[in-house]
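# What the coordinates show
The primary structure of each chain is shown beneath.
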Amino acid sequence: ALGVAVSVPGLAVLTVIGGYLFGWLEGTVYVVVATTLAATAVFVVAMATDQIDGWLARRRGTSSALGKLLDPVADKVLVLAALVMLIGEGVAPAWMIALIIVREILVSGLRLAAVERGVVLGARDLGRAKTWAQAIAATVAGLAAAGAWSDDVAWWAMLLALIASWVSGLDYARVAPRVLRGESA
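Summary of the structure given here.

The rules we used
All residue numbers refer to position in the chain's written sequence, counted from 1. Restriction of local features to residues with pLDDT of at least 70 applies here, the model being predicted, together with a cutoff of 80 or more for giving and counting side-chain atom pairs; totals for whole chains, interfaces and linings are based on all residues. Based on all heavy atoms of the structure, the side-chain values leave hydrogens and waters out of the count. Note on patches: the residues involved have over 30% relative accessible area and no salt bridge, like charges join within 9 Å, and the nonpolar side chains Val, Leu, Ile, Met, Phe, Trp and Tyr join within 5 Å. The accessible surface values rely on the Shrake-Rupley method and a 1.4 Å probe; as for residues, cover is taken only from the protein chains in view. Counted as salt bridges are all cases of a side-chain nitrogen of Lys or Arg within 4 Å of a carboxyl oxygen of Asp or Glu. The helix count covers DSSP runs of H or I at least four residues long, the strand count covers runs of E at least two residues long, and both are numbered beginning at the N terminus. Relative accessibility decides the category of a residue: with a 1.4 Å probe and only protein chains considered, values under 20% of the type maximum give buried, values over 50% give exposed, and everything between is partly exposed. Here the axes come from fitting lines to C-alpha atoms, over the contacting stretch only for helices, and the angles between their N-to-C directions go from 0 to 180 degrees. For this classification, under 35 degrees means roughly parallel, over 145 means roughly antiparallel, 65 to 115 means roughly perpendicular, and everything else is oblique. Left-handed describes a crossing whose near helix is turned anticlockwise from the far helix through less than a right angle; right-handed describes the clockwise counterpart. Each residue gets one label: Ala, Val, Leu, Ile, Met, Phe, Trp, Tyr, Cys and Pro are nonpolar, Asp, Glu, Lys and Arg are charged, and the others, such as Gly, are polar. By this rule the span expected of a helix is its residue count minus one, scaled by 1.5 Å. Residues grouped as a nonpolar core are buried Ala, Val, Leu, Ile, Met, Phe, Trp, Tyr and Cys residues, joined through side-chain atoms within 4.5 Å.

Before going further, it helps to examine a nonpolar patch on the surface. A grouping of Trp95, Leu99, Val102, Leu106, Trp155, Trp156 and Trp166 is seen on the molecular surface, where their side chains present a nonpolar patch of about 700 Å² in accessible area. For the nonpolar patch, the leading source of residues is helix H4 (residues 94-116), giving four residues. Tracing the backbone shows Leu99 in helix H4. With relative accessibility at 35%, the residue Leu99 sits in the partly exposed group.

See the structure below:
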């Protein structure tokens, strides 16, 4: 199960980046729209496989400490790569993405501090909701970049993802004192 969670999103990140690069190099409106739609579709499929992988691991009881540690990292790489690429498309405000990245770095730092104390801080419910809010925002923005709807729709989706990110970050901050004492969250 861990292999799917790590390898499929990694491949998807390269595909999304390659898709945007291909659209940029070709420079025609048709190719840019088609490539943006293809990159968005690859992103959606990668997120779906991640969800299915996690669901199967929990259902079969095959979750591991390593999987709990690496799955959120794979999610971050996939979602943040897509969000950063969307800045260049003009549908994701850089300041929003920067604040999302700051939150991700802070929570990742807390996870590392927890590991040093022998505690694996897996994804929390609000963290999972945050990931999906970001994934939906990236999908909406990808479709806006392809002209499916107004950039304003993407802006509001990004704002909701930003709010979800920081609400989730506060949830991690709430458990931080226990985790830093070496207790499980």
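All right, on to the packing of H4 against helix H6 (residues 151-180) then. Packing of H4 against H6 brings their axes to within 9 Å, and their N-to-C directions diverge by 20°. Relative to H6, the element H4 lies roughly parallel. Crossing of H4 over H6 shows left-handed handedness. Residue classes in the contact of H4 with H6 are distributed as 21 nonpolar, three polar and two charged.

Over its 23 residues, H4 runs 33 Å from end to end, which matches the ideal 33 Å to within 8%, given 1.5 Å per residue. Within H4, burial applies to Met96, Ile97, Ile100, Arg103, Glu104, Val107, Leu110, Arg111, Ala113 and Ala114. Directly beyond the C-terminal end of H4, a positive phi value near 80° is found at Gly118.

Turning our attention to helix H5 (residues 125-145). Taking 1.5 Å as the rise per residue, H5 with 21 residues should run 30 Å; its terminal C-alpha atoms sit 30 Å apart, in good agreement. Along H5, the positions that sit buried rather than exposed are Gly127, Lys130, Thr131, Gln134, Ala135, Ala137, Ala138, Thr139, Val140, Ala141, Gly142 and Ala144. Just past H5, the residue Gly147 takes up positive phi, approximately 90°.

What follows is about the pattern of salt bridges. Tallied over the full model, the rule gives eight salt bridges. Linking Glu104 and Arg103 is a salt bridge whose minimum nitrogen-to-oxygen distance equals 3.0 Å. There is no split in this pair, since Glu104 and Arg103 are both buried. For Glu104, the salt bridge identified is with Lys130, shortest N-O distance 2.9 Å. Of this pair, Glu104 sits in helix H4 while Lys130 sits in helix H5, and the two are 26 residues apart along the sequence. The network of salt bridges with common partners includes Lys76, Arg103, Glu104 and Lys130.

To continue, consider the nonpolar core. Counting 26 residues, the largest nonpolar core has Phe43, Leu83, Leu86 and Met158 as its most contacted members. At the level of secondary structure, the elements contributing two or more residues to this core comprise helix H2 (29-60), helix H3 (65-88), H4, H5 and H6. In this structure, Leu110, Leu121, Tyr172 and Val175 belong to the second largest nonpolar core, which totals nine residues.

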